[in-house]
Amino acid sequence: MIFQYSLPTKILFEEGCISKNKQELVSFGRKAFIVTGKSSGKLSGALDDITCVLDELNIKYYIFDKVENNPTLESVDMGGKAAKEFSADFIVGLGGGSPIDAAKGIAVLAANDINPLDLFTNEFNNKPLPIVAIPTTAGTGSEVTPYSVLTRTDLQTKKSFGNIDTFPKLALMDPKYTMSLNRDITVNTAVDAFSHGVESYLNKKSTIMSDIFARQCIVEFAAALPALVKNEMDGSARNRLLYCSMLGGMAISHTGTTIVHAMGYSLTYFRGIPHGKANGLLMKEYFDFNYPACREKIDDILAIMGMKNTGEFGKVMWSLLNDEQTYTDSELEKYTDYAMQQRSVSKNIAEASKEDLYNIYRKSLKA
Ligand code: NAP
Ligand code: FE
C-alpha cells in the first residue's frame, strides 16, 4: 500500500460562502486582481458578491474580464502585465475553468519576469501570487487542482502547466452561482467532471486514496444524471454537481487525466466543441478499449450508473451530447498525432498506441 496525499487548498463550500467568510480574504493583502470572463461573473452574481465584500474590507480591486473560453497564452500574458501594473497582492479567479485556469498563469507571470512560454517549464524563481478561486461552473474542479490548461495557437493544441504552488490557496464554493448555467453548459461541464472521476479511476497513477475521490465523483454524477437527462436542475442537483466537480478535481490532482482529455483537445481546438462534450463523445469507445485491462473497475462504474453495458452508457451520452459533425480520415489522423504528444497518454490504464487512439476517434465520431 503506497500513496501520498496533500491538498493545499482550503475549501469553503456553502451557500452565501463569500459574504459568510469574508475575513478569509484579509490575509491575502490590500489589492485584488479579479480574473473573469465576459458575462459569467455578472450572470452568476459572484462578481457582485466579491466586489461588495472587497469594498467592505477596504481591499482595492481591478477587474480583468478579458478571458475567453479555452484561454490563450496571449490573454494570460496580457493579464500578467495588467496585474503587475496594478501591483496586485493576490489573484481572484472567478468563473468557469477558463478564468480560473487563466488566473493561475497570471498569478505566476505577475510574480516572475519570464516569457509566458516558460510557464510550461513549471519552474519559477518566485512563488505565484496567492489565488482565490470562485467557480461558477460545475465541471473542471480547477478550484482544487494545480493545473492551468491553455490554448497554444503556436502548437494548434492545448497544453497544461501547474505545480504545487499553483493550487488555489482558497476555494469559495457556492452552488447558487451555477444556477444561471443553461442546459448545454450544465451538461457539458458535468460530463467533464465525470470524465475526471473516470480517468483518475482508470489511471496508472491511481492509488487507494485517489480512488476514494474518483469513485465518489462518479457516484455523485450518477445521482445527478436523471436530473441532467430531464433537464430538471434544482438546487439539490446543483449542489451535487458542484461537489462532484470538486471531487473530480481532487482525484486528478493526484493522477492527472488520460487519453480522453488528450484526444478531446483537438475536437475543441479544430471544431470548437466544448471541453466536457468533447470528452463525453469519446467515452463509450474509451471504456470498450480499456475493458480487457480493468474489467472490475469498469463494471463498477457501470453498476454505479445502473447500466448493463457500455452500449447503454453510449446511448445515454449520445442523447445528452449529440454531435452532428462529420470527420474525414485525414482529420482524425491529424488529431491522433496531436493527442499522442500529450503526456497524459502514458497514464492510461491500458497501453494506448497511435492506432488505438485513431480507432477510438473513428468509432466515436461520424464519417
Ligand atoms: P468555461 O470555458 O469557463 O465557460 C464556458 C461558458 O460558460 C462561458 O461562456 C462562460 O461565460 C459561461 N459561464 C460560466 N459560468 C456561468 C454561469 N454561472 N452562468 C452562465 N454562464 C456561465 O467552461 P468550463 O467548462 O468551466 O472550463 C473549461 C476550461 O477548463 C477548458 O479550457 C478546459 O481545458 C479547462 N479544464 C481545466 C481543468 C483543470 O484542472 N484546471 C480540468 C478540466 C478542464 P464567460 O464567457 O463569461 O466566461
Ligand atoms: Fe477536463
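See the structure printed just above.
Here's a quick rundown of the structure. (Residues numbered from 1 in each chain as written. Chains lettered and ligands numbered in written order. Predicted model: local features only at pLDDT ≥ 70, side-chain atom pairs only at ≥ 80, totals over all residues. Heavy atoms only, no water.)

**Focus on the packing of aromatic side chains**
By convention here, two paired aromatic rings are described through the distance between centres and the angle between planes.
Thinking step 1. Scanning the entire structure with this criterion turns up 16 aromatic pairs.
Thinking step 2. Arranged with centres 6.3 Å apart and planes meeting at 85°, the rings of Phe 124 and Phe 161 form a pair that is edge-to-face. Taken as a pair, Phe 124 in the loop between α5 (97-111) and β5 (131-135) and Phe 161 in strand β7 (residues 157-161) lie far apart in primary sequence, 37 residues in all.
Thinking step 3. Residue classification places Phe 161 among the buried residues on the basis of a relative accessible area of 2%.
Thinking step 4. A ring pair is formed by Phe 270 and Tyr 338, whose centres lie 5.6 Å apart and whose planes are at 40°; its orientation type is tilted. A residue pair is termed long-range when its members are at least 10 positions apart, and Phe 270 in helix α9 (residues 259-271) and Tyr 338 in helix α13 (residues 329-340) qualify at 68 residues.
Thinking step 5. Under the relative-accessibility criterion, Tyr 338 is labelled buried at 16%.
Thinking step 6. An aromatic cluster is built from Phe 194, Phe 221, Tyr 286, Phe 287 and Phe 313, whose rings are joined through pairwise contacts.
Thinking step 7. The cationic tip of Arg 152 hangs over the ring face of Phe 120; the distance from NZ or CZ to the ring centre is 4.7 Å. (Phe/Tyr/Trp six-rings, centres within 6.5 Å; stacked < 30°, edge-to-face > 60°. Helix = DSSP H or I, 4+ residues; strand = E, 2+ residues; numbered from the N terminus. Buried < 20%, exposed > 50% of the residue type's maximum accessible area, 1.4 Å probe, protein only. Lys NZ or Arg CZ within 6 Å of the ring centre and 35° of its normal.)

**Structural notes on the site of ligand 1**
Thinking step 1. Around ligand 1 there are 30 residues in total, and Ser 39, Ser 40, Gly 97, Ser 98 and Thr 137 lie nearest to it.
Thinking step 2. Between ligand 1 and Lys 38 there is a distance of 3.1 Å, counted from an oxygen atom to a backbone nitrogen or oxygen.
Thinking step 3. Take Ser 180: an N or O atom from its side chain is 2.8 Å from a nitrogen atom of ligand 1.
Thinking step 4. Listing elements by their share of the shell around ligand 1, those giving two or more residues are α2 (40-44), α5 and α6 (183-201).
Thinking step 5. For the shell around ligand 1, a count of residues per class yields 8 nonpolar, 18 polar and 4 charged. (Near = heavy atom within 4 Å. Polar contact = N/O pair within 3.5 Å; in protein donor to acceptor, adjacent residues only side chain to side chain. Nonpolar A, V, L, I, M, F, W, Y, C, P; charged D, E, K, R; others polar.)

**Quick word on α5**
Thinking step 1. Its 15 residues place the ends of α5 22 Å apart at the C-alpha level, agreeing with the 21 Å of an ideal helix rising 1.5 Å per residue.
Thinking step 2. Counting buried positions along α5 yields 15 of 15 residues, so the element is predominantly enclosed. (Expected span 1.5 Å × (residues − 1).)

**Description of the sheet that holds strand β2 (residues 31-36)**
Thinking step 1. The parallel open sheet is built from 6 strands, whose spatial order is β1-β8-β5-β4-β2-β3. Every interior strand has two partners, whereas the edge strands, β1 (10-13) and β3 (60-64), have only one. The sheet shows a mean angle of 20° between the axes of neighbouring strands, taken without regard to direction.
Thinking step 2. Both strand β4 (residues 90-95) and β5 contribute to a ladder of 5 bridges, which runs parallel. Considered in β5, the bridge of Gly 93 is made with Ala 133.
Thinking step 3. Against the sheet, helix α8 (residues 235-255) makes contact with β1, β5 and β8 (170-173), and its axis sits at roughly 170° relative to β1, the strand it touches most. (Pairing = 2+ DSSP bridges. Axes fitted to C-alpha atoms, helices over the stretch in contact; angles between N-to-C directions. Contact = heavy atoms within 4.5 Å.)

**Some thoughts on the coordination of the iron ion (ligand 2)**
Thinking step 1. Asp 192 (OD), His 196 (NE2), His 261 (NE2) and His 275 (NE2) make up the full set of protein donors to the iron ion (ligand 2), lying at 2.1 to 2.2 Å.
Thinking step 2. Taken together, the 4 donor atoms coordinating the iron ion (ligand 2) span angles of 83 to 167° at the metal, a pattern that classifies the geometry as irregular.
Thinking step 3. Donor residues for the iron ion (ligand 2) sit on one chain with the sequence pattern D-x3-H-x64-H-x13-H. One end of the pair, His 261, is in helix α9; the other, His 275, is in helix α10 (residues 275-290), and 14 residues separate them in sequence. (Donors = N, O, S within 2.8 Å, 3.2 Å for Na, K, Ca; no water. Tetrahedral: all angles 85-135°; square planar, octahedral: opposite > 155°, others 65-115°.)

**A closer look at α6**
Thinking step 1. Look at α6: 27 Å from first C-alpha to last across 19 residues, which is about the 27 Å you get at 1.5 Å a residue.
Thinking step 2. Burial analysis of α6 places 16 of its 19 residues in the buried class, the great majority of the element.
Thinking step 3. The N-cap residue of α6 is Asn 182: its side-chain oxygen and the backbone nitrogen of Asp 184 are 3.2 Å apart.

**With respect to the pattern of salt bridges**
Thinking step 1. Per the counting criterion, the structure on display carries 21 salt bridges.
Thinking step 2. Across the pair Lys 10 and Glu 24 runs a salt bridge whose closest N-O atoms are separated by 3.1 Å. Placement of the pair is Lys 10 in strand β1 and Glu 24 in the loop between α1 (17-20) and β2, with a sequence separation of 14 residues.
Thinking step 3. In this structure, Lys 284 and Glu 285 form a salt bridge, with 3.5 Å as the shortest nitrogen-oxygen distance.
Thinking step 4. One connected set of salt bridges, linked through shared partners, spans Asp 49, Asp 174 and Lys 176. (Salt bridge = Lys/Arg side-chain N within 4 Å of Asp/Glu carboxyl O.)

**Quick word on the pairing of β4**
Thinking step 1. Burial within β4 is extensive, with 6 of its 6 residues counted as buried.
Thinking step 2. Pairing of β2 with β4, which is carried by 5 bridges, proceeds in the parallel orientation. Residue pairing in the sheet places Phe 33 in a bridge with Ile 91 of β4.

**Quick look at the environment of Leu 117**
Thinking step 1. Checked against the element boundaries, Leu 117 lands in the loop between α5 and β5.
Thinking step 2. Given the relative accessible area of 39%, Leu 117 is considered partly exposed.
Thinking step 3. Residues Leu 117 and Arg 152 lie 35 residues apart in sequence; the distance between their C-alpha atoms is 9.4 Å.
Thinking step 4. In this structure Leu 117 touches Leu 73, Arg 152 and Asp 154, once residues within four positions along its chain are discounted.

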